[in-house]
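Inside the fold
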Amino acid sequence: MHAKGILLTLELLITCAYYIRTSRTCPFTSNMGFGLDKCDLSIKECSNINFVWASLIVEELVRLGVTYYCIAPGSRSSPLAICATRHPSTNCISCYDERSLAFNALGYARGSRTPAVVITSSGTAVSNLYPAVVEASQGFIPIIILTADRPPELLDCGANQAIDQVNHFGKYVRHFSNLPPPTDQIPSKTVLTTIDSLLYHCNETTGPVHINCQFRDPLHDSPLTWSTDCLTGLDRWLTNKEPYTKYIKPQNFSIGTNCIAMMEVMEIINGASKGILVIGEVCSETDIWGLVTLVRELSWPVVVDVLSGLRIRRVFSSFLENVCFVDHMDHALLSENFASWCKPDVVLQIGGRITSKRVSQFLESCAPNPYILADRHPYRHDPSHVITHRIQCTITEFVSTLCKFYVPKKKATRWTGLLRELNSVIAREIEFQINSETAITEPYIAHKIGEALGADTDTALFIGNSMVIRDMDMYGKGSVNCMKNGVDFAIYEQLGFCGIQVAGNRGASGIDGLLSSAIGFSVGSNKKVLCMVGDVSFLHDTNGLSLLNQKSRRKPITIIVVNNHGGAIFSLLPIANKTEHDILNKFFYTAHDISLSHLCSAHSVKHVLVRSKPELQNALKHCQHEEIDSVIEVASSISSNAEFHCILRQSACQVVNQAMEIIRRGAQSDNEESIMPISRILKAEYASFRIKLSASPTSSEMKDEKYLYREGLILKVTLDDESIGFGEVMPIEIHEESLSDAESQIRFLIQKIKGCKIENFLPLLNGSFSQWIWRNIGIPPSSIFPSVRCGMEMAILNAISAHQKTNLSDLLLGTRRPSNDTNTLEITRDYSTKNIECIEICALVDCDGSPIEVAHFVSNLVEEGFTAVKLKVARGRTPIEDARVIQKIREIVGYKIDIRVDANRRWTFAEAIQFGSIVKEYNLQYIEEPIQPKYDIIKFCEESGLPVALDETIDAIKEDFINHLQEYVHLGIVAIVIKPSRVGGFDNAALIANWAHINGKMAVISSAYESSLSLATYAQFSYFLQIQNQNICKIRNMYFNGGIAHGLGTYKWIKEDILDQGLKICLQPNEEKVRVSMKVVRDFIENFCWGNERILRKVCNSEEIRSCFVKVDDGHSLSCLVRVQEAGSCTNKNKVVFLHGFLGTSEEWILMMKSLSPNIKTISIDLPGHGKSQIKCNSDDTTNQQVLISVELISNLLLNVINKISTDGERVVLVGYSMGARIALQMISNSDKIKGAVIISGSPGLRKESNKRIRHKVDKSRAQMLLSLGLNPFLKSWYSSKLWASLREHPHFDRILQSRTHHDSTEDLAKVLCDSSIGNQRSLWEDLGTWKKPLLIIAGEKDPKFKNISYEMYTEIMKSSNDKTEMEKFSEVVIIQHSGHAIHLENPLSLMHAIRNFLSKLD
């Protein structure tokens, strides 16, 4: 496919006998000439003239490509019905309800873009077609209405079943023809030309046509003499297979024939600086593919309607550069700030009308700027009267013209970038709100249907009207990952995404006939169909269920019925607030209690009732995999639906307002577009520090004085305007990572984040950091240790605050301080306290001592002004003894203080119940993590009746927090304790806190014995969460009880802080409670520096890499100049040697080498034929091509390199990836100097000789391709295979490809590929168990082939080992999450952690 190519549906006539439509739909292939060699005989053998004319009508329609017939039972239409069903090339369907039948024809035509025929009898049967005819007319859908009628003598005389059918549908048909009663006195060619003319009008004007056919008796197939003279002139038609009249339409749309007007349009588009592309309803897949090209070429922000085919789309890349889909424009426009800012200078609309009223009103407000509309029909679709340029053409014609004359922008404008990020912010907020809601909601249904569509490329969507289409438009998931392999890589590289065929009856937007239309659409599109309708729409067309049992040439359909027992859309309209409930219920909602299950059962259709989120997911999964029709009924309610829609609107509006405020605050000039990014990271550095505690932390089992000292790291981030932010990393006993582990990641990250752009939206904390980490750093966010990510986010947020001359809490809230009054916030905060800018602190008490001693200690805390205390329990005492402590506190202190207790998961279920039974009457605020993990916390809540808080349970969740948290919505769980350094920073902490607030739980921020730097940051973050909670309560009509005490009481444990003047937390003047003042913490952060005696060492620059060339030879005819790069201490006796894979170089290991180098000497090598390493022949008689550069030869060369650069006593650990892993395994077998190896995505070879021969031929062919095509084309081919599917999703994939071009010799590279083929290599499978050397075997989670190989290798090692226990200590398989074959590029931090653990075991 060319870059500007469009995937077009090809319609080819082969010979003249077959009509073939090759496309992704491909309904069927019909032999249009089947039986036509006997057409002369069959026409002449018709029993009467009625059947002659009926046969002519059907035959001519079939020749014109019309083969789908919807036949209603009736006597007067018998000739037409019988002839249609007897024709070998027709596909006929029947229904007792003409209305359903007509909508079925409509759906077929919508799916296939080919007319369908409806045949009915006379009388009111014709009138029943009216709704479908109106929809077809308004929606530009071609259908052919064949109505039977009484002859003239039976009209207007009281004859039975006779009405006036002439022009019955008025202006809603494009053309009407009233055929006279059949007679042999009228030439039969009149019938043929009538059909040809009507079908031309049907296709040319794209709409319904009506042929009224009058029939006299006999209506059945009984003989009645007729003269064949009426067939005169049909000799040619009777003997060939073509239509009687061919209509030929010249191609009249071109830049030449419309030069002046089109050039004006092109100039407008080229001159736009703030253009918006609006895509309305688009029916055909051909047009959808054309739009994909248009979106890529134009690079404008794209507002997509749900019926465009691109509102829900399959994407082949996690990041689409220069593509900006504004899926949530409707909700963005809820913000007046956004609406007043978003002023496009040009609007280009492609396709039909827009579903969203808000978007339509926004487009109306764009006048008088140019508004260009391109659509296939000539009719005026301009209700706002704003269109300045109207182009009638197909989408492919318009795209072809634009691609010729449009000058693409080199990169996306800030206008586009801003709208992309704003849409991303809204999408994350909507997804969070939808997933946080425990009950199933109608927006959730819309969201999940989008995901279901992405899972199956052979599925299309049909959407009903009223509420469901609006929900899909507003809440459908925009992008569904669908990475393709092999030949589809060309599509991935050029386009990055594709559309999904979506249809709906939006011509007149009625709720009638939707089920029947969806069934017809399934036939026409030749796809599986997901149909989403409301319950009233479903009930309106229950006769359509009878069509499901006629599965001729149709794939299964799954119908999702959102059953809220009435018309929910009225609950969202102003009338709902101004009308009595009884009137609404009866006359608007039309409330009902009809059993959909019984209706389905009556029609033998599978029915599934869904009441929860998991049930919906399972139902969708099972129904899509089963080859039967299904109805999924999703239970909902009108009132809850209205409430949740209101919550979504207000939440989206709030986050947009917050984003707009952050943007304006970050602007550095009067030009409001100068906003993205706000800055870049100039440099990052870190220092280690030590603080001293006054007592051992409660997290430590040891009470030795050495445990009073805590060490950590301070990360310093400097932006390009010299703004500075500090962050703290201090893992303790409760962290899975050690300080050394954390430091290695910090060393890696300070190199990766240098130069990264800092965007305005990072402070929104709704997944913004996770997205930033993936896009900018290119690593999975969950691979960063929680304490490290927390410190990095802290440093960046503090740097942004300094850059914008504000403080962290105001930065997160999106508020500004007026320059004339630095103590007054613009945002209104309704607190009753005297000093609203503060938070309360919960004191922390380690219950050493007797109950009376602990009680007096707590009493002193009350005297100091504390209102809450947390007591550590389950520490050597029995539950009864711990309960006595609580009892004694209440006796001495009373109920002046809230008591929290923390058991840290130490009790058995019985012990916790015993404790709870005693303290139940003492009004605990909550008990934190009372039982061990193996017990059921929900069961404890129910049996004990005590309020429970979660802490370690939350810490154990690594990602996908919301779905995991849904397990804990139980009312007995009243609080979530959140340690930012344990959950992975402020982005995750805010997500968890918001979920807690939504579900009516306390969100308590807790420190983990960090210094005042963290405490000051946590305090501001806690204050931000309190304001957020106030807003959530307002939106959800929940009671807000003011602020809570946060778990920052560890400040009292700090004896020697990181600064001499630590954070001052005390009772403020005129205050009764101990609070943290925001002014105090802001001053502390602003004045923080790291130049004091607590700082142990600073690391400002990353370690320099030493590079050299080492010459080695094979002892015969070949020598090699090998490039070696080295880092780390030269005194270390252990070396780690990194070996890259095919097409790689030593450079790809540099970041990891620098990260490991403080304690380890690391070396990376350009393998022979790669990078800057050179292969030379020692003899003039020998060429490179004559020497076999096998894996064995390379391993010997590299062992020589290692011997030359190593000193006596040094031991080597190899880290080999892919081809480097094969070489490493070979080296182990040849040298005692190798201490062990890490095998990444590697194999010991092929076992079977036949497989070796095949693979060698394949690699030889690849080598020839490399030589003939060159390196760049070869790279595209190499990385298009299934093996690299995961790597292709990487946001830096293009950069990775570019790094593969840095090789001095393509010829040497090709030779290594051929000679070092795994097909040439000796199998090492039998040697694995004989080496007795430690092996760490690593594979990626998304690489099933090498996962299996890894486990097979481990099994072989264990099977051959005599001392299995010893080998199990040092040999293992590790599967790295979020990575495929190229683990070191896709998830380097997790790989580095696995390598460090392996090296620690060896030491």
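Residues numbered from 1 in each chain as written. Predicted model: local features only at pLDDT ≥ 70, side-chain atom pairs only at ≥ 80, totals over all residues. Heavy atoms only, no water.

Describing the sheet that holds strand 6 (residues 116-120)
Taken together, the six strands give an open sheet; going across it, the order is 5-4-6-7-9-8, and neighbouring strands pair in parallel fashion. Across the chains shown, the open sheet's two edge strands, defined by having one partner strand only, are strand 5 (91-94) and strand 8 (175-179). Mean inter-strand twist for the sheet, computed between neighbouring axes without regard to direction, equals 20°. Across three bridges, strand 4 (residues 68-71) lies against strand 6 in parallel orientation. Its bridge partner being in strand 6, Ile 71 is matched across the sheet by Ile 119. (Pairing = 2+ DSSP bridges. Helix = DSSP H or I, 4+ residues; strand = E, 2+ residues; numbered from the N terminus. Axes fitted to C-alpha atoms, helices over the stretch in contact; angles between N-to-C directions.)

Overview of the side chain of Ser 787
Looking at the secondary structure, you find Ser 787 in helix 27 (residues 786-803). At 2.5 Å, the side chain of Ser 787 forms a polar contact with the side chain of Glu 737. Those residues within four positions of Ser 787 in sequence are excluded, and the remaining contacts are Glu 728, Val 729, Pro 731, His 735, Glu 737, Ala 742 and Ser 981. (Polar contact = N/O pair within 3.5 Å; in protein donor to acceptor, adjacent residues only side chain to side chain. Contact = heavy atoms within 4.5 Å.)

Considerations on the environment of Gly 972
Along the chain, the position of Gly 972 falls in the loop between helix 34 (961-965) and strand 34 (973-978). Looking at Gly 972, the relative accessible area reads 16%, which means it is buried. Measuring from C-alpha to C-alpha, the distance between Gly 972 and Ile 938 comes to 7.6 Å, with 34 residues separating the pair along the chain. When near neighbours in sequence (up to four residues on either side) are disregarded, Gly 972 contacts Cys 941, Leu 946, Pro 947 and Val 948. (Buried < 20%, exposed > 50% of the residue type's maximum accessible area, 1.4 Å probe, protein only.)

What to know about the environment of Leu 198
Note on placement: Leu 198 falls in helix 7 (residues 189-204). Put simply, Leu 198 and Phe 176 are 22 residues apart on the chain and 7.7 Å apart in space, counted from C-alpha to C-alpha. Ignoring anything within four residues of it in the chain, the contact list for Leu 198 reads His 175, Ser 177, Val 209, His 210 and Ile 211.

Looking at the nonpolar core
Of all hydrophobic cores here, the largest spans 235 residues; its most connected members are Trp 772, Met 792, Ile 796, Leu 871, Phe 1021 and Ile 1338. The element contributing the most residues to this core is helix 37 (residues 1012-1035), with eleven residues. Apart from residues no more than four positions distant in its own chain, Met 792 is found in contact with Leu 715, Leu 749, Ile 753, Trp 772, Ile 773, Ile 777 and Ile 784. Val 359, Leu 418, Ile 469 and Ile 1035 belong to the second-largest nonpolar core, a separate cluster that totals 73 residues. (Core = buried A, V, L, I, M, F, W, Y, C linked by side-chain atoms within 4.5 Å.)

Some remarks on unusual backbone geometry
Here the residue pair Asp 217 and Pro 218 is connected by a cis peptide bond, since its omega of 5° sits within 30 degrees of zero. Examined against the element boundaries, Pro 218 turns out to sit in the loop between strand 9 (209-214) and helix 8 (235-239). Cis geometry is adopted by the peptide bond preceding Pro 368, which originates at Ala 367 and carries an omega value of 10°. Inspection of the secondary structure assignment puts Pro 368 in the loop between helix 13 (357-365) and strand 15 (371-375). A positive phi angle is found at Asn 923, which is not glycine, with a value near 55°. Assignment of secondary structure puts Asn 923 in the loop between helix 31 (909-919) and strand 32 (926-928). Judged by relative accessible area, Asn 923 falls into the exposed class, the value being 52%.

Here's the deal with helix 41 (residues 1219-1230)
Relative to the 16 Å expected for twelve residues at 1.5 Å per residue, helix 41 spans 17 Å between its end C-alpha atoms, a close match to the ideal helical length. With respect to burial, helix 41 is a largely interior element, ten of its twelve residues being buried. If you check which residues of helix 41 are buried, you get Met 1219, Gly 1220, Ala 1221, Arg 1222, Ile 1223, Ala 1224, Leu 1225, Gln 1226, Met 1227 and Ile 1228. (Expected span 1.5 Å × (residues − 1).)

Concerning the pattern of salt bridges
Here the idea is simple: oppositely charged side chains can pair when their charged atoms come close. All chains considered together, the criterion is met by 51 salt bridges. Among the salt bridges present, the one from Lys 872 reaches Asp 902, with a minimum N-O distance of 2.7 Å. In this pair, Lys 872 sits in strand 30 (residues 868-872) while Asp 902 sits in strand 31 (residues 898-902), placing the two residues 30 residues apart along the sequence. Under the relative-accessibility criterion, Asp 902 is labelled buried at 0%. For Glu 1372, the salt bridge goes to Lys 1401, with nearest N and O atoms at 3.0 Å. With Glu 1372 in strand 49 (residues 1372-1376) and Lys 1401 in helix 50 (residues 1388-1402), this residue pair connects regions lying 29 residues apart in the sequence. Residue Glu 1372 is classed as partly exposed on the basis of its relative accessible area, which comes to 27%. A relative accessible area of 39% places Lys 1401 in the partly exposed class. (Salt bridge = Lys/Arg side-chain N within 4 Å of Asp/Glu carboxyl O.)

Some remarks on the packing of aromatic side chains
Counted by the stated rule, this structure contains 26 aromatic pairs. Summarising the aromatic geometry, the rings of Trp 907 and Phe 915 are spaced 4.7 Å apart at their centres and angled 40° between planes, so their arrangement reads as tilted. Seen from their ring centres, Phe 1084 and Phe 1088 are 6.1 Å apart, and the 50° between their planes marks the pair as tilted. Its relative accessible area of 8% is what places Phe 1084 among the buried residues. (Phe/Tyr/Trp six-rings, centres within 6.5 Å; stacked < 30°, edge-to-face > 60°.)

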